[in-house]
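Report on the structure
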Amino acid sequence: MSHLQLELTKRSESDKSIEALLTTLTQNGIPLHAIKPQTDDKLLIQIQLSDYYKLRPLFRASGCSWRIKRRWGMAFLPNRISRRLFFVLGAFLFLTSLYVLSSLIWRVEVEGETQISHAHIREMAEAEGLYRGQWKPRVASPEMIAKALESKMPEVAWIGVTYTGTKAHIHVVDRTLPEKVTPKQPQHIVATHDAVVTNISATKGTPVVQPNDRVVRGGILISGIVGDEEHVALVPAEGAVRGLVWYTQTVVVPLHVTDNRLTGKHLDQTFIRLFNYDLKIKGYRQKAFNQQQTIREKQSFHFMGIRFALPIYKQRQWQTVQVKTKRTIAQAREIAMMEAKRTLLRKLDKDAVIRERKLLHENSRGGKVYINIHVEVEQAITKETEIIDRSING
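Residues numbered from 1 in each chain as written. Predicted model: local features only at pLDDT ≥ 70, side-chain atom pairs only at ≥ 80, totals over all residues. Heavy atoms only, no water.

1. Observations regarding the overall build of the protein chain
A count of helices and strands for the protein chain gives seven helices and 22 strands. Taking 2.2 N^0.38 as the reference for a compact globule, 394 residues should give roughly 21 Å; the C-alpha atoms of the protein chain span a radius of gyration of 43 Å, well beyond that estimate. Viewed in the frame of its principal axes, the protein chain has a C-alpha envelope of about 140 × 70 × 35 Å. Burial analysis of the protein chain (394 residues in total) assigns 32% to the buried set. At a minimum sequence separation of 6, the contacts of the protein chain that also span at least 24 residues come to 66%. When the accessible surface of the protein chain is summed, it comes to about 26,300 Å², and 53% of that surface belongs to carbon and sulfur atoms. Considering the protein chain, the positive charge centre built from 58 side chains and the negative charge centre built from 39 side chains are found 16 Å apart. (Helix = DSSP H or I, 4+ residues; strand = E, 2+ residues; numbered from the N terminus. Rg over C-alpha atoms; globule rule 2.2 N^0.38 Å. Buried < 20%, exposed > 50% of the residue type's maximum accessible area, 1.4 Å probe, protein only. Contact = heavy atoms within 4.5 Å. Areas by Shrake-Rupley, 256 points an atom, 1.4 Å probe, with all protein chains shown as cover. Lys, Arg positive; Asp, Glu negative; His and termini not counted. Charge placed at Lys NZ, Arg CZ, Asp CG, Glu CD.)

Okay, here's the thing in structure tokens:
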């Protein structure tokens, strides 16, 4: 449906041509819409385009002047498009380019722990038509590509092919082969630390120590020599021994610290990434904070239900201020204890247990507190060592 907005003008203030025209139109059953008086001698009316040529004789007969002030509707769309032809073509080419570029495969990634080189897997995929620069509609289905790759690589247990935007992912899982068991050589189990034994369990070999015995580093815990005085044999000793080990740590804690705290004020910005450059499309007039903390989130660009390969980043910058605080000696001591525990746990095995922590010495100078801490840990204290001297007659 197309419409026209007409401006009717009287020839003089005493002229009654517009009133006569409106009466004539009403009597002829012609629909009028949005009648708006502009001034004493001007009036706006809205009519359908199909009625315009029927009304022209009535306009002339009324004696008033008229002009078309506004046009809208489908009938005028081609004319508007012709006046904005370059804009329409540019928008069409832009959307077409986005669709074409998002329909290409720009990257082929191999994922999974596999002994086969990723380059060889990509070569096999390229032979099946899956390669960088390929048009997605021309590629076979992911199931067919995965089946073809599995037939070419028998050492692989499973292959899966998926698409994420313009990326193709090849997931590879190798076959699990039974590990070859190499016979162990005769060996002792010796201590890795000076310690007090808390628990010993020997599955093969002869235990040399008992719980509560003090051992030194390198001392034998489980001997690989078994038998009596007449019959002696060498075996690979096996077992588990745990003991109490002592550590001494020095932790330095500053008394004056500076923290960054959020004020609650923030700036929102939006970027679009093109050719490895970030193009800001929102928030480019904002003034950045002197101190800030930035959180960035990646989103996808969708148009008419189609996902395009244009990464869009939404970024929020939070304003921060520096706040200086002073710790007490008690707070510094507590922080030192926790830091000593964290540092030690990073070095120890997962099954190690901290039994006791003691403060040995404390000294404060230069705005810092120096604290010596004694830590008692129960942990595994074993390692294997091969028996070098095998001059034993069995």
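2. As for the confidence of the model for the protein chain
When pLDDT is averaged along the protein chain, the result is 82, and 92% of the positions lie at 70 or above. Considering each helix and strand of the protein chain separately, the mean pLDDT is smallest for helix α3 (residues 77–83), with a value of 69, and largest for strand β11 (residues 214–215), with 94. (pLDDT = per-residue confidence, 0-100.)

3. Overview of the sheet that holds strand β4 (residues 65–72)
In space, the four strands of this open sheet follow the order β2-β3-β1-β4, with antiparallel pairing throughout. With one partner strand each, in any of the chains shown, β2 (33–39) and β4 form the two edges of the open sheet. Strand-to-strand, the axes of this sheet are offset by a mean angle of 25°, without reference to chain direction. Relative to strand β3 (residues 42–48), strand β1 (residues 3–9) runs antiparallel, the two being bridged by seven bridges. Along β3, the bridge assignment pairs E7 with L44. Packed on one face of the sheet, helix α2 (residues 49–62) meets β1, β3 and β4 and runs near 140° to β3. (Pairing = 2+ DSSP bridges. Axes fitted to C-alpha atoms, helices over the stretch in contact; angles between N-to-C directions.)

4. Thoughts on the sheet that holds strand β15 (residues 238–254)
Spatially, β11-β9-β15-β21-β20 is the arrangement adopted by the five strands of the open sheet, whose pairing is antiparallel. Two strands in the sheet have a free side with no partner beyond their single neighbour: β11 and β20 (353–365). Alignment of β15 against strand β21 (residues 368–380), held across 13 bridges, turns out to be antiparallel. Bridged to G243 within β21 is Q379. Strands β15, β20 and β21 of the sheet are contacted by helix α7 (residues 329–347), whose axis makes an angle of about 135° with β20.

5. Remarks on the side chain of Q187
Considering the arrangement of structural elements, one finds Q187 in strand β8 (residues 187–191). For Q187, the side chain forms a polar contact with the main-chain oxygen of A237, separated by 3.0 Å. Once residues within four sequence positions are removed from consideration, Q187 is found in contact with G224, V235, P236, A237, E384, T385, E386 and I387. (Polar contact = N/O pair within 3.5 Å; in protein donor to acceptor, adjacent residues only side chain to side chain.)

6. As for the pattern of salt bridges
In the structure shown here, the tally under the stated rule is 13 salt bridges. Between R107 and E109 there is a salt bridge, with the nearest N and O atoms lying 3.2 Å from each other. Classification of R107 as partly exposed rests on a relative accessible area of 46%. Since its relative accessible area comes to 18%, E109 is described here as buried. (Salt bridge = Lys/Arg side-chain N within 4 Å of Asp/Glu carboxyl O.)

7. Overview of unusual backbone geometry
We note that N212 has phi near 80°; this positive angle belongs to a residue other than glycine. Looking at the secondary structure, you find N212 in the loop between β10 (206–207) and β11.

8. Looking at the nonpolar core
In terms of nonpolar packing, the biggest core is built from 29 residues, with V215, L221, I222, V241, I373, V377 and I381 touching the most fellow members. If you list the elements that add at least two residues to this core, you get β8, β9 (195–204), β12 (220–223), β15, α7 and β21. The residues contacting V215, other than those within four sequence positions of it, are A191, H193, D194, A195, V197, V209, L221 and I381. Within the second largest apolar cluster, 19 residues are counted, among which are V110, V139, A146 and M153. (Core = buried A, V, L, I, M, F, W, Y, C linked by side-chain atoms within 4.5 Å.)

9. Points about the packing of aromatic side chains
Tallied over the entire structure, the rule returns zero aromatic pairs. In this structure, R296 packs its charged tip against the face of F271, placed 5.2 Å from the ring centre. In this structure, R365 is placed above the aromatic ring of Y370, and the distance from its NZ or CZ to the ring centre is 4.1 Å. (Phe/Tyr/Trp six-rings, centres within 6.5 Å; stacked < 30°, edge-to-face > 60°. Lys NZ or Arg CZ within 6 Å of the ring centre and 35° of its normal.)

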